[in-house]
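Coordinates in review
Residue strings, one per chain:
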Amino acid sequence: MAAPPIQQETAPWLLENGSYKVLTKESHHGRTAHNMSSSSLRKKSDLTLVSKVQCGLLRSFLTNLQEVILGTKLSILFPAIPLAIVANYCNFGRPWIFALSLLALMPLAERVSFLTEQIAYFTGPTVGGLLNATCGNATELIIAIFALCQNKIDVVKYSLLGSILSNLLLVLGTSLFCGGLGTLGKQQKYDRRQADVNMLLLFLGLLCQLLPLLFRVAGGYTTVTTVAALQLSRASSIVMLVAYVVYIVFQLWTHRQLFEADEEAGEGQEEETPVIGFWSGFVWLVGMTIVIALLSEYVVATIEDASNSWGLSVSFISIILLPIVGNAAEHAGAIIFAFKDKLDISLGVALGSSCQISMFVIPVCVIVAWIAGIDMDLNFNTVETGCLAVAIITTAFTLQDGTSNYLKGLILLLCYVVIGACFFVTTTPLSKIILYCHLGILGIPSRVR
């Protein structure tokens with residue numbers, strides 16, 4: 001006798017101890033552009049065999065395992081996790097540990113987005129939105145915290161700067177370029193209001209990063225200006241966090257309609273239900289966060305060895321390679337939606353992630369360093385801050401009229417190529433070059449900075 005078809009809507013092992021909320025149009029705002037972008041890389045699991053398992057506990061475990069581990073097109077990269085751990089404990093080449101850890105972070109970042117969305121079914125869109133706002137860039141935050149613990153402040157600054165640059169220029173540029181090629185003969189349109197809000201926040205973040213640099217340059221590289229720039233950075237970080245909290249309130253409560261994911265992207269899916277239970281999602285989320293922390297520790301510990309082995313500067317690896325590989329799933333989803341003429345989702349991914357890093361992750365790192373007794377300021381050095389300013393200004397001009405074409409995307413991509421080339425040819429951190437010049441170590445007069 002054939003087994004009855006499985007009904008996910010009423011499957012008891014999906015309910016566990018809570019009741020889920022069906023994702024209808026009224027609660028559609030709980031599913032952000034970040035979630036929808038990552039969902040483009042998911043695949044539907046066939047639970048036919050699992051449904052035949054008689055033991056309820058085993059069936060629940062297999063269902064969760066299939067949905068979480070095999071429910072993504074990036075599942076082929078999961079073997080990199082044990083390989084990285086084995087390589088570390090067996091003392092393999094440290095560049096290999098770095099490469100395997102970096103690859104292993106790709107599916108984990110996508111799965112964190114999936115799990116926060118699953119939890120949002122039970123908690124509602126508001127708490128789900130808060131979870132996404134906190135965990136959206138969990139990988140970058142964890143890597144930064146471990147780098148801070150090892151006093152590698154340059155790696156922290158480079159990696160966070162690279163995440164902003166890759167989102168604004170690489171991801172957005174590729175999305176606009178591919179979207180323009182997919183809709184030749186017409187201009188793509190998008191809602192400018194969300195872009196305007198995000199750009200304002202990015203300009204505020206740029207101001208907070210620019211002032212400590214100007215302070216140091218105007219006052220000279222002395223102990224007095226160093227202390228003053230550090231104090232200014234800490235005060236600015238508090239202001240940035242306050243602005244981010246207000247932004248969350250603006251996004252989730254007062255003006256949530258501006259940040260709703262495009263409803264047309266979900267046509268044909270009138271109602272959506274969770275595929276795993278609340279406590280399963282919570283346990284998986286905690287477990288994957290622990291694994292991300294372990295791999296992040298490997299990445300931070302081996303980045304300099306990889307730099308020496310590959311002949312690439314730490315700045316290039318941190319600014320270019322780390323953000324591209326770490327957010328590959330999210331970035332690919334943004335490009336796919338741009339091909340489908342869903343630019344609002346692509347913009348939500350690129351700009352939303354940039355704002356989260358600029359206004360949340362960076363100030364949190366400064367405050368954590370402050371608590372730990374580490375002197376980290378918002379001075380990202382002259383060239384780095386200049387690249388960030390050009391990226392933000394160029395993006396603002398690109399998005400000012402609410403229309404897009406492939407040429408705009410190409411310009412953003414070329415800007416990213418030039419910036420990448422700049423850090424590719426840089427072998428010594430620019431901050432150290434300036435310091436050496438000031439001290440006369442390189443035989444250059446201190447007035448040349």
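As a reminder, the structure under discussion sits directly above these lines.
The structure displayed is predicted, hence computed values, not measured ones.

With that out of the way, let us pick up the packing of helix 8 (residues 153–182) against helix 14 (residues 343–371). Between helix 8 and helix 14, the shortest axis-to-axis distance is 9 Å and the interhelical angle comes to 170 degrees. Put simply, helix 8 runs roughly antiparallel to helix 14. Across the contact of helix 8 with helix 14, the residue classes tally to 16 nonpolar, 7 polar and no charged.

Here the focus is the pattern of salt bridges. Counting across every chain of the model gives 8 salt bridges. Of the charged contacts in the structure, one is a salt bridge between Asp377 and Lys157, with a shortest N-O distance of 2.8 Å. You can see Asp377 sitting in the loop between helix 14 and helix 15 (382–398) and its partner Lys157 sitting in helix 8, a full 220 residues away along the chain. Judged by its relative accessible area of 9%, Asp377 falls in the buried class. As a salt-bridge pair, Asp375 and Arg234 come within 3.5 Å of each other at their nearest N and O atoms.

Now for a nonpolar patch on the surface. On the surface, Leu181, Leu184, Tyr406, Leu407, Leu410, Ile411, Leu414 and Val417 cluster together to form a nonpolar patch covering roughly 720 Å² of accessible area. Of the residues forming the nonpolar patch, the biggest block, 6 residues, is contributed by helix 16 (residues 406–424). Mapped onto the secondary structure, Leu184 falls in the loop between helix 8 and strand 1 (188–189). A residue is classified by how much of its surface remains accessible, and Leu184, at 59% relative accessible area, is exposed.

On to the environment of Ser309, then. Here Ser309 is to be found in helix 11 (residues 278–310). You can call Ser309 partly exposed: its relative accessible area is 48%.

It is at 9 Å that the axes of helix 7 (residues 138–149) and helix 11 come closest, and there the two elements cross at 50 degrees. With respect to helix 11, the axis of helix 7 lies oblique. Here the hand of the crossing between helix 7 and helix 11 comes out right-handed. For the pair formed by helix 7 and helix 11, the contact residues are Thr139, Ile142, Ile143, Phe146 and Ala147 on the first element and Thr289, Ile292, Ala293, Ser296, Glu297 and Val300 on the second. Across the contact of helix 7 with helix 11, the residue classes break down as 7 nonpolar, 3 polar and 1 charged.

Time to look at the side chain of Ser166. Among the secondary structure elements, Ser166 is positioned in helix 8. A distance of 3.0 Å separates a polar atom in the side chain of Ser166 from the backbone oxygen of Ser163. Contacts of Ser166, omitting those with residues within four sequence positions, involve Val171, Pro323, His331 and Tyr416.

Further remarks concern the packing of aromatic side chains. Taken as a whole and assessed by the stated rule, the structure comprises 8 aromatic pairs. With centroids separated by 5.6 Å and ring planes inclined at 65 degrees, the aromatic side chains of Phe98 and Trp310 adopt a geometry described as edge-to-face. Highlighted residues: Phe98 in helix 5 (residues 94–123) and Trp310 in helix 11, separated in sequence by 212 residues. Each ring, one from Trp279 and one from Phe282, has its centre 5.9 Å from the other, and the planes form 85 degrees; the classification is edge-to-face. Within this pair, Trp279 and its partner Phe282 are both found in helix 11, separated by 3 residues, close to a single helical turn.

This paragraph deals with the side chain of Thr139. Residue placement: Thr139 occurs in helix 7. Note on Thr139: relative accessible area 7%, which makes it buried. In contact with Thr139, not counting residues within four places along its chain, are Leu105, Ala109, Ile292 and Ser296.

Next up on the list: the environment of Leu407. Structurally, Leu407 can be placed in helix 16. Judged by relative accessible area, Leu407 falls into the partly exposed class, the value being 48%. Considering only alpha carbons, one finds Leu407 and Gly173, 234 residues apart in sequence, at a separation of 9.3 Å.

Calculation rules
- Residues numbered from 1 in each chain as written.
- Predicted model: local features only at pLDDT ≥ 70, side-chain atom pairs only at ≥ 80, totals over all residues.
- Heavy atoms only, no water.
- Axes fitted to C-alpha atoms, helices over the stretch in contact; angles between N-to-C directions.
- Helix = DSSP H or I, 4+ residues; strand = E, 2+ residues; numbered from the N terminus.
- Parallel < 35°, antiparallel > 145°, perpendicular 65-115°, else oblique.
- Nonpolar A, V, L, I, M, F, W, Y, C, P; charged D, E, K, R; others polar.
- Salt bridge = Lys/Arg side-chain N within 4 Å of Asp/Glu carboxyl O.
- Buried < 20%, exposed > 50% of the residue type's maximum accessible area, 1.4 Å probe, protein only.
- Patch = residues over 30% accessible without salt bridge, like charges linked within 9 Å, V, L, I, M, F, W, Y side chains within 5 Å.
- Areas by Shrake-Rupley, 256 points an atom, 1.4 Å probe, with all protein chains shown as cover.
- Left-handed = near helix turned anticlockwise from the far one by under 90°.
- Contact = heavy atoms within 4.5 Å.
- Polar contact = N/O pair within 3.5 Å; in protein donor to acceptor, adjacent residues only side chain to side chain.
- Phe/Tyr/Trp six-rings, centres within 6.5 Å; stacked < 30°, edge-to-face > 60°.

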